[in-house]
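For reference, the chains in residue letters:
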Amino acid sequence: METHVLLVEDSALVVGALRILLEETGHRVSAAATVSDAVAAARREHPDVILLDITLNREDGLSVLTELARTGDFPRVVVAVTGHDDHALKERCLAAGCREVMLKPISAMELPARIRQWLAE
Amino acid sequence: MPGTYLDALPLEQRLAFLEEQTAEFARTIAELRNQDALKTQFLANISHDLRTPLSAIVTHAEVLREGILGPLDDRQRDSITGIINGGRQLLAMVDEILTYARGAANRLALQTSAFAVDALVRDVCAMSAPLIAKRRHALDLDITENLPPVQADREKVAHVLGNLLGNAIDFTPPGGRVWVAARHGAPSPAGPTVEIEVGDTGIGIAPEHHDLVFREFAQVDASASRRHHGTGLGLAIARKFVELHGGRVWLKSRLGEGSRFYFTIPVRPKS
């Protein structure tokens, strides 16, 4: 069964690039641009992986995780995606339950292999 | 003469005049500080916003280069590699501006841990190895044995060393010599320090420009800066990072005689 990835990302440009990459490498992709849409999508679709941009337009991306944890809908793998390398931010993501923190731009060479790796762990 | 008019007035009026002037200056200074803070904030916001479309461009180009959308011939792959390299270079510059803006707004905090200077120097040199090889430089390391571990922000110290080493590599004509040395430094108010030196046999810097190179937006030689595609912020950021630790950074250099940059990091953070 193909792996389902939910992209939580407020830039349509970034979603466009990642959608091509992931769909062409055999994944099912859905996307959400706000915290409430992301929570609804995760509850409805039960994705295997969430790639979570933590700086959504004026919203804290991590609040998606607080909300999902509250109702027991936490997905198998959540990976935080951020624009800048900040130690405190990284700690906050890991504490919120993220498997790891990836820096934008996500490497097209790496992402499909990493997804396989996360799901195999 | 400016004094003449004031001198002719009675003392009380002179005082009132001076007080009014002082208040006016204070207002101007506050206004300028406010403007400066706004511009710094703008710089931080715009760099953050520039990153997003740039990331998308790089990812799209990588998808093409990996052949995910179909096979490419060599010329097509070279061209796409050019897009990726250009995009990554732009991202590095945007990151530098973002780091500078956060530093200027005093939003940089140190994340300290204890680490060995020896390993740090070797890690940074290993990262620069491809560039050193490309420019056919020789790299020498001279690390004093049994240096104490330092309690500092490893990422920031690595950033400073990486920046100095990058400059040494860039500003030395191909086939030159570049070296990194680490030794006990002169004690600072915070106690003992470790001193790191980065030297090269490159083009050098005239003594009258030594202060200038650490200043933000400064370009000693605009054409050199363009050739070396910097933002002009690298050394200003390096100085900021070193001073955050309570260390200092300086250089010895003359035109045509290479450069030696030095910085110290206190073994324990200033309290």
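Along each chain, residues carry numbers from 1 onward, in the same order as the chain's sequence is written. Lettering of chains starts at A and numbering of ligands starts at 1, both following the order in which they are written. Only residues with pLDDT of at least 70 get local features here, since the model is predicted, and only at 80 or more are side-chain atom pairs given and counted; chain-wide, interface and lining totals rely on the full set of residues.

Another point: the sheet that holds strand 7 (residues 259-266) of chain B. Residues and elements named next belong to chain B. Read from one edge to the other, the open sheet built from five strands follows the order 2-4-5-7-6, with strand pairing classed as mixed. Two strands lie at the open edges of the sheet, namely strand 2 (138-143) and strand 6 (249-253), each paired on one side alone. Averaged over neighbouring strand pairs, the angle between their axes works out to 20° when direction is ignored. The sheet contact formed by strand 6 and strand 7 spans five bridges and is antiparallel. Within the sheet, the bridge partner assigned to K252 lies in strand 7 and is R260. Two residues form a contact once the distance between their C-beta atoms, set from the backbone, is within 7 Å. Axis definition: a line fitted to C-alpha atoms, over the contacting stretch in the case of helices. Angles run 0 to 180 degrees between N-to-C directions. To qualify as a helix, a DSSP run of H or I must reach at least 4 residues; to qualify as a strand, a run of E must reach at least 2; elements of each kind are numbered from the N terminus. Across the sheet, helix 4 (residues 117-134) is in contact with strand 2, strand 4 (177-188) and strand 5 (191-200); its angle to strand 2 comes to roughly 180°. Across the face of the sheet, helix 5 (residues 154-170) comes into contact with strand 4, strand 5 and strand 7 while running at roughly 25° to strand 5. At least two bridges found by DSSP between two strands are what make those strands a pair.

It is worth spelling out the domain arrangement of chain B at this point. Residues and elements named next belong to chain B. Start and end positions for the domains come from either an automated domain assignment or a database one. One can read the domain layout of chain B as domain 1 (12-104) and domain 2 (113-266). Between the C-alpha centres of domain 1 and domain 2 there is a distance of 24 Å. Taken together, the contact pairs seven residues of domain 1 with eight residues of domain 2. Under the scheme applied, nonpolar residues are Ala, Val, Leu, Ile, Met, Phe, Trp, Tyr, Cys and Pro; charged residues are Asp, Glu, Lys and Arg; polar residues are all the others, including Gly. Looking at side-chain class alone, the side of domain 1 that touches domain 2 contains three nonpolar, three polar and one charged residues.

Each nonpolar core consists of buried Ala, Val, Leu, Ile, Met, Phe, Trp, Tyr and Cys residues. Their C-beta atoms, within 7 Å, join them into a set. Buried, partly exposed and exposed are defined by the number of other C-beta atoms within 10 Å of a residue's own C-beta, namely 20 or more, between the two limits, and 12 or fewer respectively, with C-beta atoms placed from the backbone. Core analysis: the largest hydrophobic core is formed by 80 residues, its most contacted members being V8, L51, L52 and V79 of chain A together with L161 of chain B. Among the elements that line this core, the one with the most residues is helix 5 of chain B, at seven residues. Three or more residues apiece are contributed to this core by two domains, here domain 1 (12-104) and domain 2 (113-266) of chain B. In contact with L161 of chain B, other than residues within four places in its own chain, are V121, V124, I196 and V198 of chain B.

What follows covers the sheet that holds strand 1 (residues 3-8) of chain A. Sheet strands associate in pairs through backbone hydrogen bonding, adopting either a parallel or an antiparallel arrangement. Residue and element names in this part refer to chain A. Taking strand neighbours across the sheet as the criterion, the five strands line up as 2-1-3-6-7 in an open arrangement whose pairing is parallel. Each edge of the open sheet is held by one strand with a lone partner, namely strand 2 (27-32) and strand 7 (100-103). Neighbour to neighbour, the strand axes of the sheet diverge by 25° on average, direction disregarded. Pairing analysis gives six bridges linking strand 1 to strand 2, with the strands arranged parallel. Along strand 2, the bridge assignment pairs T3 with H27.

Next up on the list: the interface of chain B and chain A. Of the residues lining the interface, 16 residues belong to chain B; the matching set on chain A comes to 19 residues. If you tally residues by element for the side of chain B that touches chain A, the top one is helix 2 (residues 11-65) of chain B, at 11 residues. When its residues are assigned to classes, the side of chain B that touches chain A shows seven nonpolar, six polar and three charged.

Moving on, we come to the packing of helix 2 of chain B against helix 3 (residues 74-104) of chain B. All names here are of chain B. At a minimum axis distance of 8 Å, the contact between helix 2 and helix 3 shows a crossing angle of 160°. Accordingly, the angle class assigned to the pair helix 2 and helix 3 is roughly antiparallel. By crossing handedness, the relation of helix 2 to helix 3 is classed as left-handed. Split by residue class, the contact of helix 2 with helix 3 holds 18 nonpolar, five polar and six charged. Put simply, angles under 35 degrees are roughly parallel, angles over 145 are roughly antiparallel, angles from 65 to 115 are roughly perpendicular, and the rest are oblique. Each crossing is labelled by how the near helix is turned from the far one, with a counterclockwise turn of less than a right angle marking it left-handed and a clockwise turn marking it right-handed.

All right, on to the packing of helix 3 of chain B against helix 7 (residues 234-244) of chain B then. Residue and element names in this part refer to chain B. At a closest axis distance of 10 Å, the pairing of helix 3 and helix 7 adopts a crossing angle of 40°. With respect to each other, helix 3 and helix 7 are oriented oblique. Between helix 3 and helix 7 lies a crossing of left-handed hand. Residues E96, T99, Y100 and G103 of helix 3 touch helix 7, and the partners they reach there are G234, A236, I237 and K240. Residue composition of the contact of helix 3 with helix 7, grouped by class: three nonpolar, three polar and two charged.

This brings us to the environment of G86 of chain B. All names here are of chain B. Among the structural elements, G86 can be located in helix 3. Classification of G86 as partly exposed rests on a count of 14 C-beta atoms within 10 Å. Linking G86 and A26, residues 60 residues apart in sequence, is a C-alpha distance of 46 Å.

Another point: the pairing of strand 7 of chain B. Residue and element names in this part refer to chain B. Across the eight residues of strand 7, six count as buried, placing the element largely inside the fold. Pairing between strand 5 and strand 7: eight bridges, direction antiparallel. Within the sheet, the bridge partner assigned to V198 lies in strand 7 and is F261. Counting the residues that bridge the hairpin from strand 6 to strand 7 gives five residues, and of these G256 lies at a positive phi of roughly 80°.

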